[in-house]
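Structure at a glance
So you can see what is in the structure, the chains are spelled out below.
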Amino acid sequence: MDNLLFTAPVGSLPEANSTAYELLSILSDGNKHARDHLCNELGGGFRAYLQQLTGEYYQHWLIHSEQGEYNGKKQAFYWLDENHFSCDWEQDKDARTIARKQYKDRSYYGSKNAVKRLQQAEQEKAEADREYEQRIESKKPTED
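Residues numbered from 1 in each chain as written. Predicted model: local features only at pLDDT ≥ 70, side-chain atom pairs only at ≥ 80, totals over all residues. Heavy atoms only, no water.

The subject of this paragraph is the side chain of Asp 81. Along the chain, the position of Asp 81 falls in the loop between strand S3 (73–80) and helix H5 (89–135). Comment: no salt bridge for buried Asp 81; closest opposite-charge side chain is Arg 96, at 9.8 Å. In terms of polar contacts, Asp 81 uses its side chain to reach the side chain of His 64, at 2.5 Å. Among all residues touching Asp 81, those that are not within four sequence positions of it are Leu 62, His 64 and Ala 95. (Helix = DSSP H or I, 4+ residues; strand = E, 2+ residues; numbered from the N terminus. Buried < 20%, exposed > 50% of the residue type's maximum accessible area, 1.4 Å probe, protein only. Lys, Arg positive; Asp, Glu negative; His and termini not counted. Salt bridge = Lys/Arg side-chain N within 4 Å of Asp/Glu carboxyl O. Polar contact = N/O pair within 3.5 Å; in protein donor to acceptor, adjacent residues only side chain to side chain. Contact = heavy atoms within 4.5 Å.)

What follows concerns the sheet that holds strand S2 (residues 63–70). If you trace the 3 strands from one edge of the open sheet to the other, you get S1-S3-S2, paired in antiparallel fashion. Only two strands of the sheet have a single partner each, and these edge strands are strand S1 (33–34) and S2. Where S2 and S3 come together, 8 bridges link them in antiparallel fashion. What sits directly across from His 64, in S3, is Trp 79. Relative to S3, helix H2 (residues 19–27) is tilted by about 90 degrees, and along the sheet it contacts S1, S2 and S3. (Pairing = 2+ DSSP bridges. Axes fitted to C-alpha atoms, helices over the stretch in contact; angles between N-to-C directions.)

This paragraph deals with the pattern of salt bridges. Applying the stated criterion to the full structure yields 8 salt bridges. Each member of the salt-bridge network shares a partner with another, and the members are Arg 35, Asp 36 and Lys 73.

Another aspect to go through is helix H3 (residues 35–42). Looking at H3, one finds that the buried residues are Asp 36, Leu 38, Cys 39 and Leu 42. Each buried residue of H3 lies within a common arc of 160 degrees when the element is viewed along its axis, so the set occupies one face. In the core, the buried residues of H3 are packed alongside H2, S1, S2 and S3. Gly 43 occupies a position one or two residues after H3 and carries a positive phi of about 80 degrees. (Arc of directions from axis to C-beta.)

Moving on, we come to the packing of H2 against H3. When two helices pack together, you describe them by how their axes are tilted relative to each other and by the distance separating the axes. Where H2 contacts H3, the two axes come as close as 11 Å, and the packing angle between them is 135 degrees. As summarised for this structure, H2 and H3 are arranged oblique, according to the angle between their axes. Read as a crossing pair, H2 and H3 show a hand that is right-handed. Touching Thr 19, Glu 22, Leu 23 and Ile 26 of H2 are Leu 38, Glu 41 and Leu 42, all from H3. For the contact of H2 with H3, a count of residues per class yields 4 nonpolar, 1 polar and 2 charged. (Parallel < 35°, antiparallel > 145°, perpendicular 65-115°, else oblique. Left-handed = near helix turned anticlockwise from the far one by under 90°. Nonpolar A, V, L, I, M, F, W, Y, C, P; charged D, E, K, R; others polar.)

Put into structure tokens, the structure is as follows:
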């Protein structure tokens, strides 16, 4: 963890007693860690802490993932980018720039897909409203 501290920008390290810090500490050994292993070490899910580390909250740590096998199960493996270990300010900034781009790409495409989904949801709701009107509302007795 010491070599991460040397080049990490102010505000990029979680508080020492937090789960996000514990996750970063585990990843700071430079090895790949299976999802189940991380869950066991952290006492449960870690997705929120992973998102904090890779997102704006802790200034975009570059954490890679790939699918692999652990204890006979397919699952994701996670590891910290080697540029964070370089003790070189510029390489650390490069890793954070890559992580920020990935983060913003996910945000952009998620937003773009949400707009598409909204249009589809509007059409589906209009169809459901029409069917409800025809099948349910039309059967209700009218007040005279």
